[in-house]
Amino acid sequence: MKAVGIVLAGGSNNRMGQLSKKRAVAAMPVAGSYRCIDFVLSNMSNSHIQKVAVLTQYNSRSLNEHLNSSKWWDFGRKQGGLFVLTPFITEENSSWYMGTADSIYQNLDFLRRCHEPYVIITSGDCVYKMDYDKILDYHVRTKADITVAVKELTDASEDINRFGIVRMAEDGRITNFEEKPLIAQTNTVSIGVYVIRRRLLIELIQKAHEENRYDFVQDILVRYKDVKKIFAYKHEGYWQNISTISSYYQTNMDFLKRDVREYFFRDYPNVLSKVEDLPPAKFNPGSKIKNALISSGCIVNGEVQDSILFKKVYVGNNCVIRNSIILNDVYIGDNTVIENCIVESRDTIRANSTYTGEAGEVRIVVEKSDRYIL
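What comes next is a walk through the structure. None of these values were measured; they are calculated from a predicted model.

1. Quick look at helix α8 (residues 245–254)
- Taken across its 10 residues, α8 has eight buried, putting it largely inside the fold.
- Within α8, burial applies to Ile245, Ser247, Tyr248, Tyr249, Thr251, Asn252, Met253 and Asp254.

Okay, structure coming up:
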């Protein structure tokens with residue numbers, strides 16, 4: 001059984017604040033050397049899905065640069081490949097994607113040219129590992145029209161209301177699907193992975209367009225839950241959605257835990273990403289490192305504790321960095337203190353600066369000083 005993959009990576013999220021002003025959520029750096037979209041593309045490649053389309057829209061330059069070669073995820077082949085599909089103007093259409101269903105509709109020609117019988121639709125803003133072959137087998141075995149991957153959140157909180165909430169019968173069929181309800185009736189959420197037969201998807205997307213309906217969840221999953229056989233597939237492993245500042249911060253901090261790191265980076269299959277030719281991290285005399293991820297290209301002179309430094313970060317003398325995330329290509333001047341913060345990429349932090357987030361809060365630091373005059 002073969003499937004074609006569609007990654008919905010066009011979204012921008014106001015809850016990411018400053019972080020999503022310059023990049024799509026799917027392009028957010030994760031775990032030192034990766035982008036969020038690397039996890040779903042690795043799942044596709046490791047599940048032997050050879051043809052994948054990434055649908056991009058808002059703030060897509062960084063994402064497009066990351067996807068400029070398909071070889072990193074082993075999609076560079078004669079059959080299949082990695083396709084980046086952006087909005088385009090035609091005689092019939094001059095609008096951007098008006099929703100997830102509309103983004104698929106505007107690229108129906110891609111699906112019509114495919115010969116794979118099934119489509120796996122995923123979101124580009126989640127960090128997880130999944131064997132899509134297993135959910136595809138489950139889809140065929142249950143004779144479902146649509147299969148939705150779900151997960152039970154054990155630490156259900158107010159954050160659960162930003163997901164689709166699912167209720168299931170004993171046989172796994174979904175009996176109720178609410179998108180972002182004010183009050184969640186269960187702690188079972190949709191994790192943004194869907195399996196559907198290609199011809200049925202084309203039919204439903206065309207019908208939704210004719211009725212001026214543009215959202216895949218509301219106008220297909222919720223609308224057809226009592227008409228089509230929609231089943232739930234339970235995902236048991238690690239899963240996080242990073243589309244808020246707090247969830248993005250917590251997801252990165254999870255990688256400071258040994259079991260999470262080993263699950264993603266040592267256990268088979270591997271997580272693949274675009275590789276840059278950078279020197280290994282350099283730790284000068286006087287530097288102190290405790291429970292931190294330090295990426296290639298970094299130079300550290302100060303103290304780094306319980307933090308993640310992405311690529312090409314310079315930490316000056318007598319600096320203290322705690323419980324923080326420093327994104328790519330940041331220069332931190334001498335005698336600087338950074339605690340409970342996320343520092344935006346390509347920032348230049350002047351010497352003798354102090355940035356501290358309040359207790360339970362994460363502070364976003366954006367400083368664009370001229371580096372050459374420091």
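From this point, the discussion proceeds with the structure in view.
2. Let's talk about the pattern of salt bridges
- Enumeration over the complete set of coordinates arrives at 12 salt bridges.
- Taken together, the salt bridges that share partners define one network made up of Glu211, Arg213, Asp219 and Arg223.

3. Points about the packing of aromatic side chains
- Per the counting criterion, the structure on display carries 15 aromatic pairs.
- Arranged with centres 6.4 Å apart and planes meeting at 50°, the rings of Phe264 and Phe265 form a pair that is tilted.
- Pairwise contacts between aromatic rings join Tyr34, Phe39, Tyr238, Phe255, Tyr263, Phe264 and Phe265 into one cluster.
- Note that Lys71 overlies the ring of Trp72, its terminal NZ or CZ placed 4.7 Å from the centroid.
- The positively charged end of Lys129 is found above the aromatic ring belonging to Tyr263, 5.4 Å away from the centroid.

4. Looking at the sheet that holds strand β23 (residues 331–332)
- With respect to topology, five strands assemble into an open sheet ordered β14-β17-β20-β23-β26, the strand pairing being parallel. Two strands lie at the open edges of the sheet, namely β14 (282–283) and β26 (348–349), each paired on one side alone.
- When β23 meets β26, the two strands line up parallel, connected through two bridges. By the bridge assignment, Tyr331 is partnered in β26 with Thr348.

5. Here's the deal with the sheet that holds strand β28 (residues 363–365)
- Pairing in this open sheet of five strands is parallel, and the strands run β16-β19-β22-β25-β28 from one edge to the other. Lying at the two open borders of the sheet, with one neighbouring strand each, are β16 (293–294) and β28.
- Here strand β19 (residues 308–309) pairs with strand β22 (residues 325–326) via two bridges, running parallel. Each bridged residue has a counterpart across the sheet, and for Ile308 the counterpart in β22 is Ile325.

6. Points about the nonpolar core
- In this structure, Val7, Ile37, Leu41, Val52, Val54, Tyr132 and Val193 are the most contacted members of the largest nonpolar core, which totals 40 residues.
- Mapped onto this core, the elements with two or more residues apiece are β1 (3–8), α1 (36–46), β4 (51–55), β6 (118–123), β7 (126–128), α5 (132–141), β11 (188–197) and β12 (230–234).
- With 36 residues, the next largest nonpolar core counts Cys114, Val119, Val150 and Tyr194 among its residues.

Parameters and conventions
- Residues numbered from 1 in each chain as written.
- Predicted model: local features only at pLDDT ≥ 70, side-chain atom pairs only at ≥ 80, totals over all residues.
- Heavy atoms only, no water.
- Buried < 20%, exposed > 50% of the residue type's maximum accessible area, 1.4 Å probe, protein only.
- Helix = DSSP H or I, 4+ residues; strand = E, 2+ residues; numbered from the N terminus.
- Salt bridge = Lys/Arg side-chain N within 4 Å of Asp/Glu carboxyl O.
- Phe/Tyr/Trp six-rings, centres within 6.5 Å; stacked < 30°, edge-to-face > 60°.
- Lys NZ or Arg CZ within 6 Å of the ring centre and 35° of its normal.
- Pairing = 2+ DSSP bridges.
- Core = buried A, V, L, I, M, F, W, Y, C linked by side-chain atoms within 4.5 Å.

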